[in-house]
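Below, each chain spelled out in residue letters.
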Amino acid sequence: MPHAGRGVAVGLFGGSFNPPHAGHALVAEIALRRLALDQLWWMVTPGNPLKSTRELAPLSERLQQSEQIAKNPKIKVTAFEAAHHVRFTADTLALVKARNPGVDFVWIMGADSLRDFHRWQRWRQIVMTFPIAVIDRPGATLSFLSSVVAKTFDYARVDEGDAPRLARMKAPAWTFIHGPRSSLSSSAIRKATKD
Ligand SMILES: Nc1ncnc2c1ncn2[C@@H]1O[C@H](COP(=O)(O)OP(=O)(O)OP(=O)(O)O)[C@@H](O)[C@H]1O
Ligand SMILES: O=C(O)c1ccc[n+]([C@@H]2O[C@H](COP(=O)([O-])O)[C@@H](O)[C@H]2O)c1
């Protein structure tokens, strides 16, 4: 696991990255800049608990490809979840928090992930423990508003103008970040390479 010292602001960006693409890199850059982060941990999951592993490339391959795409020195590409035998984000976050006291973490995800977020294990606990930044994604710009999490935690939504302070805020606190968007997706890339 990467390490961060007290008072450092770190974005946690988890994904299958199967394969990673420029849309992921854009999310990472937007998060670093708009959330005023010192670091972003690009966490390659051993496997999304809600997705089939049928089409999942080996972790070592997704890790290596991620390292090639994530060029910003503030980005730390890591696969520590596999090494620590954790797969559910709630467990990952508990581990990260326990090992990095005093660090201000923010969970980062694309707008499509917000739609399904209420199916994640212990999702309410995640929202109550970590500030969350949702980055706009084509196809999910408006639908995110009707998501269970957006409705349940409407009271905790923070104006995107306050995004630079999000990492320092006490949960629950979440914001939606608009900006340049990419319509790339791993599934489209997999489909194109198969055809
Ligand atoms: N083009 C994009 N714009 C914004 N967010 C994205 C984009 N692509 C992926 N993300 C976000 O990055 C994280 C990791 O996504 P993931 O690795 O599943 O890629 P994907 O392109 O969504 O894959 P798939 O098409 O296989 O579902 C998720 O939070 C997802 O919402
Ligand atoms: O913890 C869960 O229940 C859970 C359910 C779905 C997805 N996640 C996490 O969400 C992140 C994005 O996954 P993905 O496949 O959309 O790239 C990744 O870190 C997954 O481990 C976590």
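Keep in mind the model is a prediction, meaning the values are calculated, not measured. (Residues numbered from 1 in each chain as written. Chains lettered and ligands numbered in written order. Predicted model: local features only at pLDDT ≥ 70, side-chain atom pairs only at ≥ 80, totals over all residues.)

A. Here's a closer look at the pairing of strand β3 (residues 75-78). Only one face of β3 is buried: it carries Ile75 and Val77, and the other face, with Lys76 and Thr78, is open. Sheet analysis places strand β2 (residues 39-44) next to β3, joined by four bridges and oriented parallel. The partner of Met43 across the bridge, within β3, is Thr78. This β-α-β element, β2 to helix α2 (residues 59-69) to β3, shows right-handed connectivity. (Buried ≥ 20, exposed ≤ 12 C-beta atoms within 10 Å, placed from the backbone. Helix = DSSP H or I, 4+ residues; strand = E, 2+ residues; numbered from the N terminus. Pairing = 2+ DSSP bridges. Right-handed = clockwise from strand over helix to strand, strands pointing away.)

B. Expanded view of the site of ligand 1. Looking at ligand 1, there are 18 residues lining it, with Gly15, Gly23, Gly110, Ser186 and Ser187 nearest. Put simply, the parts of the chain that give the shell around ligand 1 at least two residues each are α1 (22-34), β4 (104-110), α5 (111-116) and α8 (186-194). Considering every element that reaches the shell around ligand 1, the biggest residue donor is α1, with three residues. Its residues placed into classes, the shell around ligand 1 shows five nonpolar, eleven polar and two charged. (Near = placed C-beta within 6 Å. Nonpolar A, V, L, I, M, F, W, Y, C, P; charged D, E, K, R; others polar.)

C. Highlighting the site of ligand 2. Near ligand 2 you find 15 residues, and of these Gly14, Gly15, Ser16, Asn48 and Trp120 are the closest. Mapped onto the shell around ligand 2, the elements with two or more residues apiece are β1 (9-15) and α4 (89-99). Looking at the shell around ligand 2, its residues break down into six nonpolar, eight polar and one charged.

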